[in-house]
Amino acid sequence: MSLVPIEARGRTGPLAVGGGRIAYASGCHVIVSRLVGSGLLDSRVCAFGTAGTPAGASPSRRSRVKPITAVSLTSDGKFLAAGETGPSPRLGLWNIDDLGDDVNAPLWISLSHSFGISFLRFSDSGSRLCSVGTTHDGFVHVFGLTKNAAVCLATNRVTSEVRAVRWLSADTVLVLGVRLAKTFRLAEDAHVGNADDESLRQIAVLEARQIILGKHLSETFIGAMIYDGRVRLVSASGVLGFVCKTTRSFVPEALVQSNLVAAVSWHSRLVFASQHGLSTCNASLSNSPIDSVESLGDDLVLGLEGGGISVLTETSEISLIESMELAGADGSQLVTRMGRVLDGETAWQVGKTVTCIAKGPVIGTEDGCVLDETTSPLLLHESSVRAIATDGILFASYSGDRKLAILHRSATGELDLIQTWSDARSSITWAGVVDRHNVLVATLDRTLKLLARTSDVEAFEVRTASDLKATVITGAIDGELLFLACRDKTIITGGLSLRMTCLTRLDDVADALCISHEHLICASSLGRSVIVLNKLTSRQIARQDHIGALVTVEGLTGDLFRTATEDGQIRVWKIVAPESARSTSPKKLLHFPLRRSGSSQSVNTQTPARSRVLRPKEDNSRSRTEDVVAQTLANLRLLRESHLHPDDRAMLELASRFLTRASE
């Protein structure tokens, strides 16, 4: 989930969305733009100007500069409606497809309200428009749309201050406000017809029915959503409930955040906006003060206090698909804290207190032993085994001391100790097995070392060492690419040369990392959350909070991963991307690392925090580089032939020599 601020030129009033467009009030004008990515394009300006002034009358300056207080767009973004404040306010209609670059006057104007328009709302089909006046006006009108005009079909009175309007069906609109929750229904015989003159038509009366509020009669209702097949209402004080279809009474369900100003249904959940930010029933999405919120497809458009506009984009969701009462897992092996290991239909009782498990299964115990089903316990550490790293053949175990035990599985299937490496200057914080010839070790003194197998197959020695900015907590290995989580909340990445660069910075320290498909999954036991990143671009894809104190996180096949928490549960999660997000590609790309032909050394590029990383094919990147150099040289030759100052000509000669030498 990402919150992207977009430029809004002087927003002073409400906003509306529809058909990929955003419309917002700016003084006595309405700005209509297309939302593309994180910006607004093709902006058009709409205003009343002198339209609607009686023939022969001289319009006053006050009538030309009335602020816009109500805006609405049809769901397809074709029509715009706007209303003014003050006495004799104008209600106007614009066809978005006909807007030009200059200030656009309305196609149709109505003077049906006497004092201010507070809300406008098109029906879902776009064939109806509901307009609600201010408290001093007190009228609710429903208009029927023709080709480029509208006709008032029915009207009624409302005496309370209105805070929200929502269409429930093609002929029923819900109006909410201070001590107000009432539906207005359009009669069956009310239709547009063929009369062009609105004065010749007989305006019907909207059928009004009050929702029974009971003890919540004093509440101020600010939003209505259709959720789980029910009409749900929410009040400014945070009372959330639904309307019973049989009794038409309000049934409270929960108490959410107070001081609310708006609420919408987005991605099958309820989202609430207040002066303290944006939140769901159990999570906070933004801390910026908000005065309005609208749902636009996969995006949520937020009107910020002070006139700003932000777009909240959710490209993926995390959904719980399975839950098992277990305490640890690795691959198809499941283990309980009391030492019961389940592998398919078989069960194996360890008889010791288990602290960790690796594929095999290989078990680490509280008394410092490492064992599997065919090997007797090997006492390798003085304290409990913290973790066991493996590639399936080679195993590396460590505890809180300075020793790293390296084992391998023999031809008979038993575990044999190869070496106990004890040259670390401080305690080992993490170890990872790259392959059967390379092992990575991180220590408390912020040192990362690569141990390589020597010609003597029974020994490992240090090949490469690197000093880091912070202590490594955990890591994940994807081929020859490393991802390490550090104590300073950063995720760093690099190759076996150990030249590490910062990939991103998290809100909490990650103490578990894993790779699932193209995702990097970061788990924090302190924050009790799981964050899913794209391992190539570092873009945050999804986040899940409040899952308990984490023990491990493990990537499964495809977009599945599994978490184990201290409460004895293992949950399998699936990363579900919407159809609109599956075909999108990263916007920022960086080549890392690049390999030269015939060389095993990698070229590392320093990147700033939150940079995005991509490893393209060598031939394509090489051809693009040659094209850029050739084009630059051609441009320099043209500049040299022009009339330049001698100093500028000398600089161009120097640049040409440098690029020519670089291309060779």
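Please refer to the structure higher up on the page.
Residues numbered from 1 in each chain as written. Predicted model: local features only at pLDDT ≥ 70, side-chain atom pairs only at ≥ 80, totals over all residues. Heavy atoms only, no water.

J.: I'd love a proper account of the pairing of strand 48 (residues 481–486), names of residues and values included.
T.: Counting buried positions along strand 48 gives 6 out of 6 residues, so the element sits mostly inside the fold. Of the two faces of strand 48, both are covered, the one formed by Leu 481, Phe 483 and Ala 485 as well as the one formed by Leu 482, Leu 484 and Cys 486. Relative to strand 48, strand 47 (residues 472–478) runs antiparallel, the two being bridged by 6 bridges. In the sheet register, Thr 474 faces strand 48, and the bridge partner there is Ala 485. Where strand 47 folds back on strand 48, the antiparallel hairpin that results is connected by 2 residues, among which Gly 479 adopts a positive phi of roughly 70°. Inspection of the sheet shows strand 48 paired to strand 49 (residues 490–494) by 4 bridges, in the antiparallel sense. The partner of Phe 483 across the bridge, within strand 49, is Thr 493. Following strand 48, the chain reverses through 3 residues before pairing antiparallel with strand 49; Lys 489 in that reversal takes a positive phi of roughly 75°. (Buried < 20%, exposed > 50% of the residue type's maximum accessible area, 1.4 Å probe, protein only. Helix = DSSP H or I, 4+ residues; strand = E, 2+ residues; numbered from the N terminus. Pairing = 2+ DSSP bridges.)

J.: For the pattern of salt bridges, give the residues involved together with the corresponding values.
T.: According to the stated counting rule, one finds 12 salt bridges in the structure shown. In this structure, Arg 90 and Glu 84 form a salt bridge, with 2.9 Å as the shortest nitrogen-oxygen distance. Overall, the relative accessible area of 6% leaves Arg 90 in the buried class. Put simply, Arg 425 and Asp 445 hold a salt bridge, and the shortest N to O gap is 3.4 Å. (Salt bridge = Lys/Arg side-chain N within 4 Å of Asp/Glu carboxyl O.)

J.: So what about the sheet that holds strand 15 (residues 172–177)? Which residues, and what values?
T.: The antiparallel open sheet is built from 4 strands, whose spatial order is 14-15-16-18. At either end of the open sheet lies a strand with only one pairing partner, and these are strand 14 (162–167) and strand 18 (207–210). This sheet shows a mean twist of 25° between the axes of neighbouring strands, independent of strand direction. Both strand 15 and strand 16 (residues 180–185) contribute to a ladder of 6 bridges, which runs antiparallel. Within the sheet, the bridge partner assigned to Gly 177 lies in strand 16 and is Leu 180. (Axes fitted to C-alpha atoms, helices over the stretch in contact; angles between N-to-C directions.)

J.: I'd like a rundown of the environment of Tyr 398, residues and numbers included.
T.: Within the secondary structure, Tyr 398 sits in strand 40 (residues 394–398). Assessed through its relative accessible area of 4%, Tyr 398 is described here as buried. Taking the C-alpha atoms as reference points, Tyr 398 and Ile 388, separated by 10 residues in sequence, lie 6.8 Å from one another. Discounting chain neighbours no more than four positions away, the residues touching Tyr 398 are His 381, Val 385, Arg 386, Ala 387, Lys 403, Leu 404, Ile 428, Thr 429, Trp 430 and Ala 431. (Contact = heavy atoms within 4.5 Å.)

Interpretation in functional terms is not warranted from these geometric data alone.
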